[in-house]
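# Descriptive analysis of the structure
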Amino acid sequence: MRTVDDHLSDILRTVRTLAPLEVDLDQALGTTLAEEVTSPVPLPSFDNSAMDGYAVRAEDLATVPAKLQVLGDIAAGAGRTLAVGPGTAVRIMTGAPVPPGADTVIPVEWTDGGTVEVRIDRQAPEGNAIRRAGEDVSAGQAVLPVGTPIGPAQLGILAGVGRRRVLVRPRPRVVVISTGAELVEPGAPLEAGQLWESNSYTLAAAVQQAGGEGYRAGIVADDPARFLDQLDAQLLRADAVITSGGVSMGAYEPVKEALSPLGTVRFERVAMQPGMPQGFGVVGQDQIPIFALPGNPVSSFVSFMLFVRPALLKMRGLAAGPPYSVRGVTTAPLRSPQGRRSYLRAVLGHDGAVTPVRGQGSHQLAALASANALIAVPEDVTELPEGSNVEVIPL
């Protein structure tokens, strides 16, 4: 059997980072920046008021209360302003340009709110409540480096520096195909020997959560020819393909039977539990990566977290490697088979305590749904007492 680390290394050597493309900001969420973005102007581009109040000269408030003549109003977006001289003030709104002559802004709460003459009851130093030009970003300054994942805040600064389009690495398009003659769509009536299909929903959602675009391609029965037809039809829209089921050692394994003759997909046993049978390779003219995962629900999901998610990170242009893990202390004794790395479903608390859930079978989807972490038990460890320090992969 191959080790988990060797299998992941082969995957990351094979998977390619997606080529960059230019998109509108509306389509940029969840992508990865493929260019350095700089600001063509300082931000803010002019001195402006941080609050509603009065623009004045600080020296006119040497003695308070002070009464000043109000020359008029300046609203946000005003193209021209009023100059402030000795003994005068201008009523100013948040975001409005600070007028010439003024060097401080007095909040309206410190005044009587006058519109012709205003009484100011408190002093303020020069620069009070003024946002200076360039205090956030200077002209020509880089605001986002290459490789930045684009979220809401990043979209905000892209728009803030005037970008309408941006060069990014897109979200990987991943097609999920479930196999098995026993599977039917949720909502359909069950006949003898049938199960509602769940893996494609789990895996497509996991793709979305990992920054990709997940597409369910339906169920294929245990027929290698039909599987190949479905695969060929899906390659046109896929940057990667995930299959579940059909990769074990028994009969009626359509994925293995269909892909093995191609010579570009390798099927092997990986020293892990759950998820020992694994397949990986490339298919089609464009060498699309295909992850052939086992069909048991927990095996399929754990395999995704260990192998597919890191590959999607690389495709997005992000750092990729083994899943992020923390240290925890188990609240119960653990058992693990010799020679295999176990991934036990568990609940990780804020205090670092980690409790295995009831039901560790690879078919027990309800137990997986109650977990928020995996305890990784090394290949050479078969037993751990309660209170042991363990590696934990948060889900």
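Anything mentioned here points back to the structure above.
The rules behind the values
As a convention, each chain's residues are numbered from 1 in the sequence order in which they are written. pLDDT decides what is reported in this predicted model: residues at 70 or higher carry local features, side-chain atom pairs at 80 or more are listed and counted, and totals for whole chains, interfaces and linings draw on all residues regardless. Based on all heavy atoms of the structure, the side-chain values leave hydrogens and waters out of the count. Here a strand is any run of E in DSSP of at least two residues, a helix any run of H or I of at least four, and the numbering for each starts at the N terminus. For this measure, only C-alpha atoms enter the radius of gyration; the expected value for a globule follows 2.2 Å times N^0.38, where N is the number of residues. Only protein chains enter the accessibility calculation, which uses a 1.4 Å probe; a residue whose area is less than 20% of its type maximum is buried, one above 50% is exposed, and one in between is partly exposed. Areas reported as accessible are Shrake-Rupley estimates using a 1.4 Å probe. Residue values count occlusion only from the protein chains shown. When charges are counted, neither His nor the chain ends are considered; positive counts come from Lys and Arg and negative counts from Asp and Glu. Where a charge lies is defined by one atom per residue type, namely NZ (Lys), CZ (Arg), CG (Asp) and CD (Glu). Each aromatic pair joins two rings of Phe, Tyr and Trp (for Trp, the six-membered one) with centres within 6.5 Å, and gets the label stacked for planes under 30 degrees apart, edge-to-face for over 60, and tilted for any other angle. Charge-over-ring contacts are defined here by two conditions on Lys NZ or Arg CZ: a distance within 6 Å of the ring centre and an angle within 35 degrees of the ring normal. Strands qualify as paired when DSSP identifies two bridges or more between them. In this description, contact between two residues means that some pair of their heavy atoms is separated by no more than 4.5 Å. Here an angle of 0 to 180 degrees is reported between the N-to-C directions of two axes, which are lines fitted to C-alpha atoms, with helices fitted over the stretch in contact. Between Lys or Arg on one side and Asp or Glu on the other, a salt bridge is scored when a side-chain nitrogen of the former is within 4 Å of a carboxyl oxygen of the latter. Directions are taken from the helix axis to each C-beta atom, and the arc is the one they span. Under the rule applied, a polar contact is a pair of N or O atoms within 3.5 Å (in protein, one hydrogen donor and one hydrogen acceptor; residues adjacent in sequence only if both atoms are side-chain atoms). Buried Ala, Val, Leu, Ile, Met, Phe, Trp, Tyr and Cys residues form a nonpolar core when they are joined through side-chain atoms within 4.5 Å.

## Quick word on the overall build of the protein chain
- Counting secondary structure elements, the protein chain contains 7 helices and 28 strands.
- Scaling as 2.2 N^0.38, a compact globule of 395 residues should have a C-alpha radius of gyration of about 21 Å, whereas the protein chain reaches 31 Å, well beyond that.
- Once the C-alpha set of the protein chain is aligned to its principal axes, its extents read approximately 95 × 50 × 45 Å.
- When each of the 395 residues of the protein chain is scored for burial, the buried share is 47%.
- Counting every atom, the protein chain has about 18,500 Å² of accessible surface; 52% of that belongs to carbon and sulfur.
- Across the protein chain, the mean location of the 32 positive side-chain charges is 2 Å away from that of the 41 negative side-chain charges.

## Thoughts on the packing of aromatic side chains
- As enumerated under the stated definition, the model contains 1 aromatic pair in all.
- Taken together, a centroid distance of 5.1 Å and an interplanar angle of 45° make the contact between Phe280 and Phe291 tilted. In this pair, Phe280 sits in strand E20 (residues 277-283) while Phe291 sits in strand E21 (residues 288-293), placing the two residues 11 residues apart along the sequence. The exposure classification of Phe280 matches that of Phe291, with both residues buried.
- Against the face of Trp110 rests Arg122, its NZ or CZ located 3.9 Å from the ring centre.
- The aromatic ring of Tyr201 is capped on one face by Arg216, whose charged end is 3.8 Å from the ring centroid.

## Topic: the pairing of strand E9 (residues 117-120)
- A one-sided burial pattern is seen for E9, the buried positions being Val118 and Ile120 and the unburied ones Glu117 and Arg119.
- Both strand E6 (residues 66-74) and E9 contribute to a ladder of 4 bridges, which runs antiparallel. In the sheet register, Gln69 faces E9, and the bridge partner there is Glu117.

## Some points on the environment of Ala320
- Position of Ala320 among the secondary structure elements: in the loop between helix H6 (297-315) and strand E22 (326-330).
- Judged by relative accessible area, Ala320 falls into the partly exposed class, the value being 34%.
- In the structure, Ala320 is positioned 296 residues away from Asp24 in sequence and 27 Å away in space, judged by C-alpha atoms.
- Residue contacts for Ala320: discarding those within four places in its chain leaves Leu12, Pro310, Leu313 and Lys314.

## Things to note about the sheet that holds strand E12 (residues 165-169)
- On the basis of which strands lie adjacent, the open sheet formed by 3 strands has the order E1-E12-E2 and antiparallel pairing. A strand with exactly one partner marks an edge of an open sheet, and here the two such strands are strand E1 (21-24) and strand E2 (32-33).
- Two strands pair when backbone bridges link them, and E2 and E12 are joined in this way by 2 bridges, in the antiparallel orientation. Residue Thr32 lies in a different strand from E12, and its bridge partner there is Arg169.

## Digging into the sheet that holds strand E8 (residues 104-107)
- Ordered in space as E8-E5-E7-E6-E9, the 5 strands form an open sheet in which the pairing is mixed. At either margin of the open sheet sits one strand with a lone partner, and together these are E8 and E9. Ignoring strand direction, the axes of neighbouring strands in this sheet form an average angle of 40°.
- Sheet topology note: the strand E5 (residues 53-56)/E8 ladder contains 4 bridges and is antiparallel. By the bridge assignment, Val56 is partnered in E8 with Thr104.

## Quick word on the pattern of salt bridges
- A full pass over the atoms with the stated rule returns 21 salt bridges.
- Note that Asp26 is salt-bridged to Arg164, the shortest N-O span being 3.4 Å. Highlighted residues: Asp26 in the loop between E1 and E2 and Arg164 in the loop between helix H2 (152-160) and E12, separated in sequence by 138 residues. Each member of the pair, Asp26 as well as Arg164, is classed as exposed.

## Observations concerning unusual backbone geometry
- Along the chain, Val64 connects to Pro65 via a cis peptide bond; the corresponding omega equals 0°.
- Looking at where Pro65 falls in the secondary structure, it is placed in the loop between E5 and E6.
- One non-glycine residue, Gln287, adopts positive backbone phi at about 55°.

## Concerning helix H4 (residues 224-234)
- Residues of H4 that are buried include every one of Phe227, Gln230, Leu231 and Gln234, and no others. With its buried residues spanning 100° around the axis, H4 presents them on a single face.
- Of the surrounding elements, those touching the buried residues of H4 are strand E13 (173-179), strand E16 (213-220), strand E17 (240-244), helix H5 (254-259), E20 and E21.
- At the N-terminal end of H4, a side-chain oxygen is found 3.0 Å from the backbone nitrogen of Ala225, two or three residues along, and the residue is Asp223.

## Observations concerning the nonpolar core
- Counting 36 residues, the largest nonpolar core has Ile242, Phe291, Phe304 and Tyr343 as its most contacted members.
- Elements that contribute at least two residues to this core include exactly helix H1 (4-14), E13, helix H3 (199-209), E17, E21, H6 and strand E26 (373-377).
- At 11 residues, the largest contribution of residues to this core is made by H6.
- Residue contacts for Phe291: discarding those within four places in its chain leaves Ile11, Val15, Ala240, Val241, Ile242, Thr243, Gly279, Phe280, Phe307, Val308 and Ala311.
- Counting 19 residues, the second largest nonpolar core, distinct from the first, contains Val241, Leu259, Ile288 and Ile290.

## Overview of the environment of Pro224
- Turning to its location among the elements, Pro224 is positioned in helix H4.
- Of the residues examined, Pro224 reaches a relative accessible area of 24% and is grouped as partly exposed.
- As for Pro224 and Gly275, which are separated by 51 residues in sequence, their C-alpha atoms are 22 Å apart.
- In this view, Pro224 contacts Pro254, Glu257 and Ala258; residues no more than four positions away in its chain are not counted.

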